[in-house]
Amino acid sequence: MKKILIQLDSDESSSVFDAITAYDAGVDHILQYGNIIPDHVRDLVFGAMFTRGEDDLKNSAVFIGGSNVTTGETILKAVTESFFGPVSVSVMLDSNGCNTTAVAAVRKILSVGSVKGKKIVILAGTGPVGMRAAGLLALEGADVLLTSRGLEKSEIARATVEKRFKTNISAAKVSSIEETEDILKDAYAVLCAGAAGITLLPESIWSGHPTLRVLADANAVPPLGIENTKTHWAGKELDGKIVFGAIGIGGLKMKIHRKCVAKLFTQNDLILDAEEINDIAKEIKD
Amino acid sequence: MKKILIQLDSDESSSVFDAITAYDAGVDHILQYGNIIPDHVRDLVFGAMFTRGEDDLKNSAVFIGGSNVTTGETILKAVTESFFGPVSVSVMLDSNGCNTTAVAAVRKILSVGSVKGKKIVILAGTGPVGMRAAGLLALEGADVLLTSRGLEKSEIARATVEKRFKTNISAAKVSSIEETEDILKDAYAVLCAGAAGITLLPESIWSGHPTLRVLADANAVPPLGIENTKTHWAGKELDGKIVFGAIGIGGLKMKIHRKCVAKLFTQNDLILDAEEINDIAKEIKD
Amino acid sequence: MKKILIQLDSDESSSVFDAITAYDAGVDHILQYGNIIPDHVRDLVFGAMFTRGEDDLKNSAVFIGGSNVTTGETILKAVTESFFGPVSVSVMLDSNGCNTTAVAAVRKILSVGSVKGKKIVILAGTGPVGMRAAGLLALEGADVLLTSRGLEKSEIARATVEKRFKTNISAAKVSSIEETEDILKDAYAVLCAGAAGITLLPESIWSGHPTLRVLADANAVPPLGIENTKTHWAGKELDGKIVFGAIGIGGLKMKIHRKCVAKLFTQNDLILDAEEINDIAKEIKD
């Protein structure tokens, strides 16, 4: 029986990236749907639920993508609310690559050593990647501090992460080099999760930093988030610091993405969001 | 040569149900088109007609779906009008599952025995499933009576069925329990073809009915069309009556749907509407 | 690794013709995108560029179609501008079949003999097929004269062809039978590239013409471009003239189209427009 993936995308043109990755993960056929809003979801998911017998339902699955993560989360809710008891299909949320990117960054940071009790700063962490990484690192026992240029924005993100991941983190407003330097005092690791093409961490701060051990950057577009690093660095040691650039993280992200899509077709009741994707990523030898 | 199905759907997002069923029927690739209006049809059908040699045209076919059956019928007309003599591809109409559902219900009723000269009532029969079942049962020799809450609506449906199937049926207005009881006098079978979630036949009428032998219900959403029955009943005997619920009919519907899609690829000039789908269904061992 | 073609189509419903032809050329999966405007292109092409390693990029490719050739050319520009150095995928432009049709007509004309120094008239040549055929024939050494009913239109087409193909051609206004007769004086070949259903060359002109040796017609819809010929003529000799009708050209067009799509998947840096498609067509035994 053919493995069929239903790609629900909130953008007008559904993602080529997600489709090619799914085919490379072993999917036989993709049904691509763009411009998806939550109202469309039930009928499409019913089409997956009622075409195959219960034993065969694991061969149909749903992937949620698109650039808007909040819409993706609403679509995920609409998908799971369509299920009737055991009549369900597996579903994965990765709008804008948020889960696979955040998990890959977290796995890279953890590859250096335990983060238990250590201070980790997520610079510009109010976006989907930053918030997911913050929650996952807090669950690993780190003292996570998430920053934003706006105090209110950082507080909203903190509350959202704490509610979503049932854990505690800190938040702070950081909008200058001085504030960046202050906030990184005693930090063990830093993750730059800001917009593409914006430097968040000047070399003057990180190069001689007494406690910083791990630096990770999710921004692949120059100027990079961490000044004077390279996107392809995948654990490069420099001044006693281990540095991961966006492409250095990206290779693992692709492996995670493919493995999760493949996993969807092993049973009919998986819901793959940040935590589940993180668990699957632990099995990957990088 | 790959079997390619062109799915023309009048809804914005083309049906997942129809696509998965087509893949399960052995189609190699589906080209999905949503939001189809008759004006779009000719260029798309030309693309099927002029890409392969006449001997290979049987490997391309068209499936018409979407929730609006009237639009589906107009699309079918536009498809067949695009053909030039022998340069054609096979096409199947099953908007909203109307043909496969109606045929499955009819086959279930006939599985109990001949309907020749027997009175069959289609309750709330003015929708696509009811009208198609009415026509097919009349062609089998039954005395079909189609009902609606509105007299005019029932008359329009009667005229449409008679013109479409070149046969005669009766029609009546039924809008109360008393009228339902009256209309079922001397009836051999009843098919509930109304909207989801509306009871049309109270248990008080059917349970002790002196002549009713077969009860079929196309409504899968509680409350069911026939009170105190189960959707999964597939010929259950109760008080001397044989009962078919919507899911009991649905299994056969899926077999019919798949067999018809597979049949499309055996020649390049099939036009599968109610009668042809009924003929194909006769070959299925259920 | 599966061969995946990204079909970018400027029309609302992406072409069935192009999709079936691509599957027949050996593509494993097509991702179809309709309603494409240049602004959409970058993200979609990035999805092709960043999902597979450099050695595997030849398994992803882009096809540009749709009825509007000018939009197609703008989409091609947006595709190639998305590439970063060696990180690219192969791409083919064939909006409205313009390249494959023009190349097939040119190959047919050349199959009769060299055109070097010979006068070739492209009647109603301001459309995409006419302009591409004009440029390609000029590159083969022919003295090409392109006509239009409007003087200004013919001059614009001439300038466009000269700039695009870096070669010289002539242009003239032709809007009557007398002007057609005049312009064909001393001509060796004529290609009718006008709109469907319009006769451009009356039999009275071509049948007894003293120098005309090759006649080709791109119009498949009666009345044909060349009066009293047949669309399926594929090199029929008549009064010492070799005649190619639109279907006679179309068989070769299909071979060229399929071979070019197959070629896309042999390396990751092909850009297949008129000249490259013409070069590939030379390898085809017709």
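Residues numbered from 1 in each chain as written. Chains lettered and ligands numbered in written order. Predicted model: local features only at pLDDT ≥ 70, side-chain atom pairs only at ≥ 80, totals over all residues. Heavy atoms only, no water.

Right, let's talk about the domain arrangement of chain A for a bit. One can read the domain layout of chain A as domain 1 (4-93) and domain 2 (100-249). The distance between the C-alpha centroids of domain 1 of chain A and domain 2 of chain A comes to 31 Å. (Domains from an automatic or database assignment.)

A few words now on the interface of chain C and chain A. Each partner contributes residues to the interface: chain C has 17 residues there, and chain A has 17 residues. Contact with chain A buries surface across chain C, with Leu31, Tyr33 and Thr51 of chain C losing the most and accounting together for 37% of the total. Where chain C touches chain A, the interface holds one salt bridge. Of the charged contacts, one joins Asp24 of chain A and Arg52 of chain C as a salt bridge, the two residues approaching to 2.7 Å between their closest N and O atoms. Our enumeration of links across chain C and chain A arrives at six residue pairs in polar contact (both at pLDDT 80 or more). (Contact = heavy atoms within 4.5 Å. Buried area = accessible area lost by both parts, 1.4 Å probe. Salt bridge = Lys/Arg side-chain N within 4 Å of Asp/Glu carboxyl O. Polar contact = N/O pair within 3.5 Å; in protein donor to acceptor, adjacent residues only side chain to side chain.)

Turning our attention to the side chain of Lys241 of chain B. Within the secondary structure, Lys241 of chain B is located in strand E11 (residues 241-244). The buried charged residue Lys241 of chain B lacks any salt bridge partner; its closest oppositely charged side chain belongs to Asp239 of chain B, at an N-O distance of 6.6 Å. (Helix = DSSP H or I, 4+ residues; strand = E, 2+ residues; numbered from the N terminus. Buried < 20%, exposed > 50% of the residue type's maximum accessible area, 1.4 Å probe, protein only. Lys, Arg positive; Asp, Glu negative; His and termini not counted.)

Residues and elements named next belong to chain A. Counting buried positions along strand E2 (residues 29-33) yields five of five residues, so the element is predominantly enclosed. With burial as the criterion, each face of E2 is covered, one bearing His29, Leu31 and Tyr33 and the other bearing Ile30 and Gln32. Between the parallel pair strand E1 (residues 4-9) and E2, the chain is carried across by helix H1 (residues 16-24), and the sense of this crossover is right-handed. (Right-handed = clockwise from strand over helix to strand, strands pointing away.)

What follows deals with the environment of Ala189 of chain C. Residue and element names in this part refer to chain C. By secondary structure assignment, the location of Ala189 is in strand E8 (residues 189-192). Taking the C-alpha atoms as reference points, Ala189 and Arg213, 24 residues apart in sequence, are found 5.8 Å from one another. Those residues in contact with Ala189 that sit more than four places away from it in its chain are Ile109, Lys119, Ile120, Val121, Leu212 and Val214.

This part takes up the sheet that holds strand E2 (residues 29-33) of chain C. Residue and element names in this part refer to chain C. Read across the open sheet, the five strands follow the order E2-E1-E3-E4-E12; overall the sheet is parallel. Edge positions in the sheet fall to E2 and strand E12 (271-272), since each of these pairs with one other strand and no more. Across two bridges, the pairing between strand E4 (residues 90-93) and E12 is parallel. Residue Met92 lies in a different strand from E12, and its bridge partner there is Leu272. (Pairing = 2+ DSSP bridges.)

Below, the discussion takes up the relation of the copies chain C and chain A. Mapping chain C onto chain A calls for a screw motion: a turn of 120° about the axis and a shift of 0.0 Å along it, with 0.0 Å RMSD after fitting. With respect to symmetry, the two chain copies, as superposed, fit the operation of a three-fold axis. Judged by C-alpha distance, His29 of chain C is the residue of chain C that lies nearest the rotation axis, at 4.7 Å. Interface residue correspondence from chain C to chain A reaches only 12%, placing this contact among heterologous pairings that use different surfaces. (Least-squares fit on C-alpha atoms with pLDDT ≥ 70 in both.)

For the rest of this paragraph, the subject is unusual backbone geometry. The omega torsion of the bond from Pro222 of chain A to Pro223 of chain A falls at -5°, within 30 degrees of zero and hence cis. Following the sequence through the fold, Pro223 of chain A ends up in the loop between strand E9 (214-217) and strand E10 (234-238). Notably, Asp239 of chain A is not glycine yet its phi reads approximately 55°, a positive angle. Although it is not a glycine, Asn228 of chain C sits at a positive phi angle of roughly 60°.

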